[in-house]
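Below are the chains, spelled out letter by letter.
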Amino acid sequence: MPDRNGDSSDLETPPPGRIVLHVDMDSFFASVEAREHPELKGKPVVVGADPKQGQGRGVVSTCSYEARKYGIHSAMPISQAYQLCPHAMFLPVNFPLYHAVSARVMGILRNYAEAFQQLSIDEAYLDISGLGSYETAEAYARVIKEDIRAAEGITCSIGIGPGKTIAKIASDYQKPDGMTVVKPDGVADFLSPMKVGTIPGIGKKTTMVLGAMGIITIGQLAAFDVQELIARFGRGGIAMRELARGIDRREVRERGIRKSIGREVTFAEDTDDPGQILLKLDALAGDVHATLVHRGLRFKNLAIKVRYAGFATYTKSSTFDHFTDDLASIQRTARMMVREFLDDRKIRLIGIRLARFDQHAVRQATIDEFLPDSTA
Ligand code: TTP
Ligand code: MG
């Protein structure tokens, strides 16, 4: 005889609900520039390649929301952006600056999370299930937004939901400075009318194939015959349909520590000009240093790479006797090592790579302070 308080009553107990928060900075590079140069605030700002009066090559990295009104967007040719809005402020990409801001923002966010996962330079997942309710989670998210605004002078958009995919879709739902909370019982209504391409991971190709099958919206995908999806996409078909139904058990977790941080650049024209080479080397040092700081790491081993015009490639590495994150040391050592490669041969590419890391002390999570029954 099954115990009356056994299996069946267990089934009635809802599983502890997961609450995932996704945060994405608004027009990140452009917002940082506007913060650095307040006269840019409220203006169309385009960050990317030099437009050269419409003749420039290269693309838009990002642009302010004011510039988006002119139809400008990320990855658009810079020449086209110039045609659309010649009076926009065009700025070059300043990676070290954005990385430094990103590192500080991520540092703030990490402190709010039970589990934390940085997704890109300007977005992250926070598991905040311990807050226990979506109402508390929303209030918490407002504190996070205000914290970032006060510390870094930029805005972000936040999405909250029972899984990573929904949280990510939600953060993009109202931008800029948005906040979208999707409770478990609202997931189906939220997702159904959206286009399938809204699901992260469903790209242009899959969207086309689905379209040919008559599947345009997420609702249609959720209701579609699973066997047919498997026949067309294999196991990916099941995963896709689950996401469309709001089922997403992937955990928020830190990615593994990187083994190395490298950056290299090919000169527009092969060169034997030491001034030009050293300048580029300094810039690369700045880039790898920014990533290092961004990841909260210190390194011990530094390598440089030199490729001559004929493709002959050499590397040279040097190991410090202590861990460091000092930019001047990187630049000094890289310059010293590159010297022996500076002869009458033209150089095509140079690179810097940092390896052998130690991690700074892991930051103490402060989420407990916000828990409803906290004694802190
Ligand atoms: P996104 O978060 O995709 O874009 P965004 O922050 O500029 O704007 P949104 O408000 O829509 O989130 O990308 C973050 C940064 O990554 C962006 O500021 C610049 C950089 N980036 C590129 O350099 N090239 C690209 O094609 C994209 C999409 C982003
Ligand atoms: Mg963004």
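Residues numbered from 1 in each chain as written. Chains lettered and ligands numbered in written order. Predicted model: local features only at pLDDT ≥ 70, side-chain atom pairs only at ≥ 80, totals over all residues. Heavy atoms only, no water.

J.: Please provide a residue-by-residue account of the nonpolar core, values included.
T.: Core analysis: the largest hydrophobic core is formed by 38 residues, its most contacted members being Leu 21, Val 23, Leu 109, Leu 126, Ile 144, Ile 148 and Ile 158. Looking at this core, the elements that each hand over two or more residues are strand E1 (20-25), helix H2 (28-36), strand E2 (45-48), helix H5 (95-110), strand E6 (123-127), helix H6 (134-152) and strand E7 (156-161). The element contributing the most residues to this core is H5, with seven residues. For Ile 144, the residues in contact, after removing those within four places along its chain, are Leu 21, Leu 109, Tyr 112, Leu 126 and Ile 158. Of all hydrophobic cores here, the second largest spans 26 residues; its members include Ile 261, Phe 267, Val 288 and Phe 357. (Core = buried A, V, L, I, M, F, W, Y, C linked by side-chain atoms within 4.5 Å. Buried < 20%, exposed > 50% of the residue type's maximum accessible area, 1.4 Å probe, protein only. Helix = DSSP H or I, 4+ residues; strand = E, 2+ residues; numbered from the N terminus. Contact = heavy atoms within 4.5 Å.)

J.: Outline the site of ligand 1, supporting the account with residue identities and numerical values.
T.: Near ligand 1 you find 13 residues, and of these Ser 27, Thr 62, Tyr 65, Arg 68 and Asp 122 are the closest. Contact distances for ligand 1 include 3.0 Å between an oxygen atom and a backbone N or O atom of Phe 29. Tyr 65 is positioned such that a nitrogen or oxygen atom in its side chain is 2.6 Å from an oxygen atom of ligand 1. Burial of ligand 1 by the surrounding chains reaches 69%, relative to a free accessible area of 560 Å². Listed by contribution, the elements that provide at least two residues to the shell around ligand 1 are E1, H2, strand E3 (60-63) and helix H3 (65-68). Taken together, the residues that form the shell around ligand 1 break down as four nonpolar, four polar and five charged. (Near = heavy atom within 4 Å. Polar contact = N/O pair within 3.5 Å; in protein donor to acceptor, adjacent residues only side chain to side chain. Areas by Shrake-Rupley, 256 points an atom, 1.4 Å probe, with all protein chains shown as cover. Nonpolar A, V, L, I, M, F, W, Y, C, P; charged D, E, K, R; others polar.)

J.: Give a description of the packing of H2 against H5 that names residues and reports values.
T.: What describes two packed helices is the angle between their axes and the distance between those same axes. Where H2 meets H5, the axes come as close as 10 Å, and the angle between the chain directions of the two elements is 95°. By the criterion of interaxial angle, the relationship of H2 to H5 is roughly perpendicular. Contact with H2, carried on its side by Phe 28, Phe 29, Val 32, Glu 33, Arg 35 and Glu 36, involves Phe 95, Leu 97, Tyr 98, Val 101, Ser 102 and Arg 104 of H5 and no other residues of that element. In the contact of H2 with H5, the residues fall into seven nonpolar, one polar and four charged. (Axes fitted to C-alpha atoms, helices over the stretch in contact; angles between N-to-C directions. Parallel < 35°, antiparallel > 145°, perpendicular 65-115°, else oblique.)

J.: I'd like a description of the coordination of the magnesium ion (ligand 2), backed by residues and values.
T.: Only Asp 24 (OD), Met 25 (O) and Asp 122 (OD) from the protein reach the magnesium ion (ligand 2) as donors, at distances of 2.0 to 2.3 Å. As a motif over one chain, the donors of the magnesium ion (ligand 2) read D-M-x96-D. (Donors = N, O, S within 2.8 Å, 3.2 Å for Na, K, Ca; no water.)

J.: Mind laying out H6, listing which residues take part and the relevant values?
T.: Between the first and last C-alpha of H6 there are 26 Å, a value that for 19 residues agrees with the 27 Å anticipated at 1.5 Å per step. The complete set of buried residues in H6 reads Tyr 134, Ala 137, Tyr 140, Ala 141, Ile 144, Lys 145, Ile 148 and Glu 152. Angularly, the buried residues of H6 cover 145° about the axis, an arc narrow enough to put them on a single face. The inward-facing, buried residues of H6 contact E1, H2, H5, E6, E7 and strand E8 (179-181). N-capping of H6 is provided by Ser 133, with a side-chain oxygen placed 3.4 Å from the backbone N of Glu 135. Backbone geometry just downstream of H6 places Gly 153 in the positive-phi region, at approximately 70°. (Expected span 1.5 Å × (residues − 1). Arc of directions from axis to C-beta.)

J.: Kindly report on the packing of helix H9 (residues 204-212) against helix H11 (residues 226-233), identifying the contributing residues and their values.
T.: Look at H9 against H11: their axes get within 12 Å of each other, and the N-to-C directions meet at 135°. Taken as axis vectors, H9 and H11 run oblique relative to one another. Note that H9 runs across H11; the crossing there is right-handed. Across the interface between the two elements, Thr 206, Val 209 and Leu 210 of H9 pack against Leu 229, Arg 232 and Phe 233 of H11. In terms of residue class, the contact of H9 with H11 is made up of four nonpolar, one polar and one charged. (Left-handed = near helix turned anticlockwise from the far one by under 90°.)

J.: So what about the environment of Ser 329? Which residues, and what values?
T.: You can see Ser 329 is positioned in helix H14 (residues 327-338). Along the backbone, Ser 329 and Ala 285 are 44 residues apart, and their C-alpha atoms lie at a distance of 9.5 Å. Of note is the side chain of Ser 329, whose polar atom sits 2.6 Å from the side chain of Asp 326.

J.: Help me get a handle on unusual backbone geometry, residues and values and all.
T.: Of note, the amide linkage connecting Lys 175 to Pro 176 takes the cis form, showing an omega dihedral of -5°. Of note, Pro 176 is situated in the loop between helix H7 (164-171) and E8. A positive phi angle, near 55°, is found at Asp 177, a position not held by glycine. In this structure, Asp 177 sits in the loop between H7 and E8. The class of Asp 177 is partly exposed, set by a relative accessible area of 46%.

J.: Quick one: what's the story with the environment of Glu 340, residue by residue and with numbers?
T.: Counting through the fold element by element, Glu 340 comes out in the loop between H14 and strand E12 (347-359). By relative accessible area, Glu 340 is classed as exposed at 52%.

J.: Can you explain the side chain of Ser 157? Please cite residues and give values.
T.: Of note, Ser 157 is situated in strand E7. Here Ser 157 falls in the buried class, since its relative accessible area comes to 0%. Here Asp 177 takes part through its backbone nitrogen, which lies 3.3 Å from a polar atom of the side chain of Ser 157. Only 3.1 Å separates the side chain of Ser 157 from the backbone nitrogen of Gly 178, close enough to count as a polar contact. Contacts of Ser 157, omitting those with residues within four sequence positions, involve His 22, Val 23, Asp 24, Asp 26, Lys 145, Ser 171, Gln 174, Lys 175, Pro 176, Asp 177 and Gly 178.

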